[in-house]
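Fold and geometry: a report
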Amino acid sequence: MRLGVLDIGSNTVHLLLVDAYPGARPVPYASHKRPLSLVRYLNDYGAITEEGQRELISFITEAADFASSHQVEDFMAFCTSAIRESSNGNTVLERVKNETGVTLMELTGEEEAGMTFYSVRRWFGWSSDSILNLDMGGGSLELALGTDEFPQVAFSVPLGAGRLTREWLPNDLPTIKEVREMRDYVRDVLTDPTTELRQYGKPTLATATSKTFRSLARITGAAPSTEGPYIKRVLHRDALKLWTNRLTAMSWAERAELPGVSEIRAPQLLAGAIVAHEAMSALKLKTVRICPWALREGLMLRRFDHVMFDSTTPLSSSVGVGEVALGSVIPQMAEKQS
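Residues numbered from 1 in each chain as written. Predicted model: local features only at pLDDT ≥ 70, side-chain atom pairs only at ≥ 80, totals over all residues. Heavy atoms only, no water.

Remarks on the environment of arginine 84
So the rule is basically this: Starting at the N terminus, helices and strands are each numbered in turn, a helix being any DSSP run of H or I of at least four residues and a strand any DSSP run of E of at least two. Here a polar contact is taken to be a pair of N or O atoms separated by no more than 3.5 Å, where protein atoms must pair a possible hydrogen donor with a possible acceptor and residues adjacent in sequence count only if both atoms sit in side chains.
Assignment of secondary structure puts arginine 84 in helix α2 (residues 81–84). Once the C-alpha coordinates of arginine 84 and glycine 109 are considered, the two residues, 25 residues apart in sequence, prove to be 9.1 Å apart. Engagement of the side chain of arginine 84 in a polar contact is seen with the side chain of glutamate 112, the distance being 3.3 Å.

A short note on the pairing of strand β2 (residues 12–19)
To keep things clear, this is the line we draw: Here the term buried applies to any residue with accessible area under 20% of the maximum for its type, exposed to any over 50%, and partly exposed to those in between, with areas from a 1.4 Å probe on protein chains only. In this scheme, strands are said to pair when DSSP sees at least two bridges between them.
Extensive coverage of β2 is indicated by the burial of six of its eight residues. The sheet contact formed by strand β1 (residues 2–8) and β2 spans seven bridges and is antiparallel. Bridge pairing links arginine 2 to aspartate 19 in β2. What sits between the antiparallel neighbours β1 and β2 is a turn of three residues.

Some words on the confidence of the model for the chain
Heads up, the rule is: pLDDT expresses how confident the predictor is about each individual residue, on a scale running from 0 to 100. Contacts are assigned to residue pairs with any non-hydrogen atoms lying within 4.5 Å of each other.
Overall, the prediction assigns the chain a mean pLDDT of 89, with 90% of residues at 70 or greater. Within the model, pLDDT remains below 50 along residues 313–338, and this stretch shows six contacts once partners closer than five positions in the same chain are excluded.

Topic: the sheet that holds β2
The condition that has to hold: Angles here are taken between N-to-C directions and fall from 0 to 180 degrees, while the axes themselves are lines fitted to C-alpha atoms, restricted in helices to the stretch in contact.
An order of β3-β2-β1-β4-β5 is seen for the five strands of this open sheet, with the pairing classed as mixed. A strand with exactly one partner marks an edge of an open sheet, and here the two such strands are β3 (27–35) and β5 (105–106). Relative to the sheet, helix α1 (residues 50–69) contacts β1, β2, β3 and β4 (74–79), its axis offset from that of β3 by approximately 160°.

Structural notes on the packing of aromatic side chains
We apply this condition: Only Phe, Tyr and Trp rings take part, Trp by its six-membered ring, and two of them pair if their centres are within 6.5 Å. Stacked means planes under 30 degrees apart, edge-to-face means over 60, and tilted covers everything else. We call a charge positioned above a ring when the Lys NZ or Arg CZ atom is no farther than 6 Å from the ring centre and deviates by at most 35 degrees from the ring normal.
For the structure on display, the rule yields four aromatic pairs. Judged by centre distance (4.7 Å) and plane angle (5°), the rings of tyrosine 118 and phenylalanine 150 are stacked. A residue pair is termed long-range when its members are at least 10 positions apart, and tyrosine 118 in helix α4 (residues 109–124) and phenylalanine 150 in the loop between β7 (141–146) and β8 (153–157) qualify at 32 residues. Three or more aromatic residues link up through ring pairs in this structure, and these residues are Trp123, Tyr230 and Trp293. Directly above the ring of tryptophan 243 sits arginine 246, whose terminal nitrogen or CZ lies 4.7 Å from the centroid. Just above the ring of tyrosine 118 sits the side chain of arginine 302; from NZ or CZ to the centre is 5.6 Å.

Looking at the sheet that holds β8
Ordered by their spatial adjacency, six strands build an open sheet running β8-β7-β6-β9-β11-β10, and the pairing between neighbours is mixed. Edge positions in the sheet fall to β8 and β10 (234–236), since each has one partner strand and no second. Adjacent strand axes in the sheet meet at a mean angle of 25° when their direction is disregarded. As paired elements, β10 and strand β11 (residues 287–290) share three bridges and run antiparallel to each other. Within β11, the residue paired with leucine 235 across the bridge is valine 288.

Here it is in structure tokens:
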């Protein structure tokens, strides 16, 4: 089955097409994305402007055509804090549906945390026992902990790298005072959720997801993306502290020249570094493992789970199910061709 997943994030809009059958590892088939920072299209009232809505609708239309041209059999689309927290979010969702025919699934912060945790659990497996995951987007930071497929406890706080940059560090080369005030704010917001998470004890594995964490790991010495997803990548708190100080003195243009940092994300890298360091410090984490799977993969895996349990194939027929399914299709195709 070919599944299309459309992800409307705070910094990019991304369509990923994957091939898989129930119980198999999803294999990427094609990808189509565009930089689109919706937070830059917010007016003084927190509403997405007409220009921003047109950009969004243009890409969704383009993505739907792309999916159709590549014979997608199932399609799902979701949005996170960029639309969820805008003052005209419901109006934008309705307009998208009317003009493109695509219904965007709106996730709450806790649902986002839970589904991201689900993908992390699938990636690292049951041997990891208790997992604590940090996921940083453009608008929010999600924290989740648990020993099962879904977390026992999850939090979503307004500490996204894009949001904090816009509200606290809007200018290139911020002042020491601006950085200090933002850091104090981050610590204050993190106090309650991190205090509760620490009550569950030390996790077996601490992980981090999202492009921001991957970029931070890369500039602190982790392997580049070209080496593939199976290379172990770790973000060290001590190295992050050092690089936070360096980023404070760097311009946006200088940050964009760092390995693994795109031009659109360069301005918010400092805010992301501060949040990551403060969260790791509050949770007493010296390191976090970078997980290549996140929210999008969690939603894909959940969809395939539903397909598997709704399938007529008995759950006991697990050995060679891919070959059996393939063999049952080929004769039918041959009959039609003859």
